[in-house]
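Fold and contact review
Here are the chains, one letter per residue:
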2 protein chains.
Amino acid sequence: MTGYSQSEEDYLEALYMIQLKNKVTRVKDVALALDVKMPSVVAAVRSLSEKGLVEQEKYGHIELTEEGEKVARDVYKRHQLLCAFFHEVLGLDPRIAEEDACRMEHHLSPETRERLLRIVEYIRACKDEEVFFLKRFMSFVNTGKMPEPCPGCKRY
Amino acid sequence: MTGYSQSEEDYLEALYMIQLKNKVTRVKDVALALDVKMPSVVAAVRSLSEKGLVEQEKYGHIELTEEGEKVARDVYKRHQLLCAFFHEVLGLDPRIAEEDACRMEHHLSPETRERLLRIVEYIRACKDEEVFFLKRFMSFVNTGKMPEPCPGCKRY
DNA sequence: CTCCTAAATTAGCCTAACCTAACAAAGTTA
DNA sequence: TAACTTTGTTAGGTTAGGCTAATTTAGGAG
């Protein structure tokens, strides 16, 4: 969805997240984060640097370029959005939410993304009020039965 | 999510859908459906037949085995579920729903799948009542503003 | 029945993305 | 500073999944 491959997006996202934590980014950190070997990281970094997304002096630290960081942040936000949706709306375990987000983040169209964002915003906006929809939905999930309509508005 | 690759799932699903329409399945149909060339289909079919998922006599028609059909139907159902969710819950255009489903169907964990099914069932179960949640959510999507709480129950 | 065309197959090639093993550079410690 | 350890790089190989071009088969038309 960015013109970059799944693997490229994964590398950019990992670089971004490591940057947020550590002062500098080393090949080894990336390898660890993505569960690949160091030579794979070296190859990926070279390819990304040819595309102007990262910079690295030999045997030195890796940095995202401005463009690279832009793409990385975009991937990261898709990831966060999916996580939020899975956890906060569907009520899934955070670990499951995380794992599914990792795989799906690469396949989200702008339209679907926008709607998911809306639904998360909607649910959050009325969180304090013990959102009626969520209560009813979770009851449906747990009992398999449709809850009684709200006595006030007779709507579901 | 089935132990088969994205590409393998795509072939199985295509074979299944062609089977539903046509009497027999030919290499050419599959190539057309998946937008690949015939030699790619031949290679894929050979590989799938080695795994016991399809059968084909040389220069003959392609058929899913029982196991192959089981897997194919599973992929197909994931696809349908995602479509339904995108269209019926998120209110997305059917074309967008279809496209996103195609890409995401390969990455759905059983847990997430179950919850998505629930939410679609939930929304369907109260469709006749002009589902309050959907009305409110769509109003939020369109206006960007949170609708007033229901006067009866004061819940969102 | 023969010939022609369309479909299927084979052979051989390419790219992306990974790997291992061997080597090189950097950094740490005695 | 010399030696050792850790980190990074290079070289070369593998697999999945696609492609084109050339060949073979099957099925329909004359």
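Everything numeric here is computed off the predicted structure, so don't read it as measured data. (Residues numbered from 1 in each chain as written. Chains lettered and ligands numbered in written order. Predicted model: local features only at pLDDT ≥ 70, side-chain atom pairs only at ≥ 80, totals over all residues. Heavy atoms only, no water.)

1. Focus: the interface of chain A and chain B
Quoted interface sizes are often the accessible area lost when the parts come together. The test is simple: Residues count as neighbours in contact if any of their non-hydrogen atoms are within 4.5 Å of one another. For this document, the term salt bridge refers to a Lys or Arg side-chain nitrogen within 4 Å of an Asp or Glu carboxyl oxygen. Side-chain atoms alone can form a polar contact between residues adjacent in sequence; in general such a contact is a pair of N or O atoms within 3.5 Å, and within protein one must be able to donate a hydrogen while the other accepts it. Secondary structure elements are defined from DSSP: runs of H or I of at least 4 residues count as helices, runs of E of at least 2 residues count as strands, and each element is numbered from the N terminus.
The interface of chain A with chain B comprises 41 residues on the first partner and 41 residues on the second. Linking chain A with chain B are zero salt bridges. At the boundary of chain A and chain B, one finds 11 residue pairs in polar contact (both at pLDDT 80 or more). Within the residue set of the side of chain A that touches chain B, elements represented by two or more residues are α4 (66–89), α5 (94–104), α6 (110–125) and α7 (132–143) of chain A. In terms of residue count, the dominant contributor to the side of chain A that touches chain B is α6(A) (nine residues).

2. Description of the environment of Ser40(A)
Here is the rule: Type-normalised accessible area, obtained with a 1.4 Å probe on protein chains alone, sets the label of each residue: buried when under 20%, exposed when over 50%, and partly exposed for intermediate values.
Structurally, Ser40(A) is set in helix α3 (residues 38–50). Since its relative accessible area comes to 34%, Ser40(A) is described here as partly exposed.

3. Quick look at the relation of the copies chain A and chain B
Threshold: Superposing the copies works by least squares over the C-alpha atoms of residues that have pLDDT at least 70 in both of them.
Once turned by 180 degrees and shifted 0.0 Å along the axis, chain A lies on chain B with an RMSD of 0.1 Å. On this basis, the relationship between the two copies can be described by a two-fold rotation axis. Comparing interface residues between copies, 100% of those in chain A also lie at the interface in chain B; the contact surface is shared.

4. A short note on the nonpolar core
Stated formally: Within this scheme, the nonpolar core is defined by two criteria: the residues are buried Ala, Val, Leu, Ile, Met, Phe, Trp, Tyr or Cys, and they are joined through side-chain atoms within 4.5 Å.
Ranked by internal contacts, the top residues of the largest apolar core, which has 48 residues, are Phe85(A) and Phe85(B). Secondary-structure elements contributing two or more residues to this core are α4, α5, α6 and α7 of chain A together with α4 (66–89), α5 (94–104), α6 (110–125) and α7 (132–143) of chain B. Here Phe85(A) is in contact with Leu90(A), Leu116(A), Ile119(A), Val120(A), Phe85(B) and Leu116(B), once residues within four sequence places are set aside.

5. Points about the pattern of salt bridges
Using the criterion set out here, one finds 24 salt bridges over all chains in the structure. The salt bridge involving Arg78(A) is made with Asp74(A); its shortest N-O contact spans 2.7 Å. Separated by four residues within a single helix, Arg78(A) and Asp74(A) lie in helix α4, roughly one turn from each other. Under the relative-accessibility criterion, Arg78(A) is labelled buried at 1%. Asp74(A) sits in the partly exposed class, given a relative accessible area of 26%. For Lys51(B), the salt bridge is made with Glu8(B), and the minimal N-O distance between the two is 2.4 Å.

6. Brief notes about the domain arrangement of chain A
Residues and elements named next belong to chain A. What counts here: Domain ranges listed in this record stem from an automatic or a database domain assignment. The term buried area refers to how much accessible surface (probe radius 1.4 Å) is lost by two components on association, counted for both of them together. In this classification, the charged set is Asp, Glu, Lys and Arg, the nonpolar set is Ala, Val, Leu, Ile, Met, Phe, Trp, Tyr, Cys and Pro, and all remaining amino acids, among them Gly, are polar.
Assigned domains of chain A: these are domain 1 (6–65) and domain 2 (71–143). The interface of domain 1 with domain 2 comprises nine residues on the first partner and 10 residues on the second. When domain 1 packs against domain 2, the two sides together hide about 880 Å² of surface, and 62% of this comes from carbon and sulfur. Among the residues of domain 1 in contact with domain 2, Glu9, Glu13 and Tyr16 are the three that bury the most area, contributing 59% of the side total. Where domain 1 meets domain 2, there are one salt bridge. Its salt-bridge partner being Arg78, residue Glu9 comes within 2.6 Å of it at the nearest N-O pair. One can count three residue pairs in polar contact (both at pLDDT 80 or more) joining domain 1 with domain 2. In terms of residue count, helix α1 (residues 6–21) provides more of the side of domain 1 that touches domain 2 than any other element does, seven residues in total. Within the side of domain 1 that touches domain 2, the residues separate by chemical class into five nonpolar, one polar and three charged.

7. As for the environment of Thr112(B)
With respect to the helices and strands, Thr112(B) occurs in helix α6. Given a relative accessible area of 0%, Thr112(B) falls into the buried group. Not counting the four nearest positions on each side in its chain, Thr112(B) is found in contact with Phe86(A), Leu90(A), Leu92(A), Ile96(A) and Asp100(A). Among the polar contacts listed, one links the side chain of Thr112(B) to the side chain of Asp100(A), at a separation of 2.8 Å.

8. Remarks on the packing of α4(A) against α5(A)
Residues and elements named next belong to chain A. Basically, it comes down to this: Helix axes use the C-alpha atoms of the stretch in contact, all axes being lines fitted to C-alpha atoms, and the angles between their N-to-C directions lie in the range 0 to 180 degrees. Orientation categories follow fixed angle ranges, with anything under 35 degrees roughly parallel, anything over 145 roughly antiparallel, 65 to 115 roughly perpendicular, and all other angles oblique. For any pair of crossing helices, the crossing counts as left-handed if the nearer helix is rotated counterclockwise from the farther one by less than a right angle, and right-handed if it is rotated clockwise.
Contact geometry for α4 and α5: axes closest at 8 Å, N-to-C directions at 140 degrees. In this view, α4 runs oblique relative to α5, as classed from their interaxial angle. Viewed along their axes, α4 and α5 form a crossing whose handedness is right-handed. Facing α4, whose interface residues are His79, Leu82, Cys83, Phe86 and His87, α5 presents Pro94, Ala97, Glu98, Asp100, Ala101, Cys102 and Met104. Partitioned by chemical class, the residues of the contact of α4 with α5 number eight nonpolar, two polar and two charged.

9. Side note on the protein's contact with DNA strand C
As a reminder, the rule being used: Any residue with a heavy atom lying within 4 Å of a molecule or strand is counted as near it.
Inspection of the region around DNA strand C gives 17 residues, with Ser5(A), Lys37(A), Ser40(A), Lys28(B) and Lys58(B) positioned closest. Of all DNA strand C atoms lying within 4 Å of any protein atom, the proportion belonging to sugar or phosphate reaches 80%. Between DNA strand C and the protein, one listed contact pairs a phosphate oxygen with a side-chain N or O atom of Ser7(A) at 3.3 Å. Note that a phosphate oxygen of DNA strand C is positioned 2.9 Å from one of the backbone N or O atoms of Lys37(A). Elements supplying a minimum of two residues to the surface near DNA strand C: α1 and α3 of chain A together with α2 (27–34) and α3 (38–50) of chain B. A per-element tally of the surface near DNA strand C places α3(B) first, with three residues.

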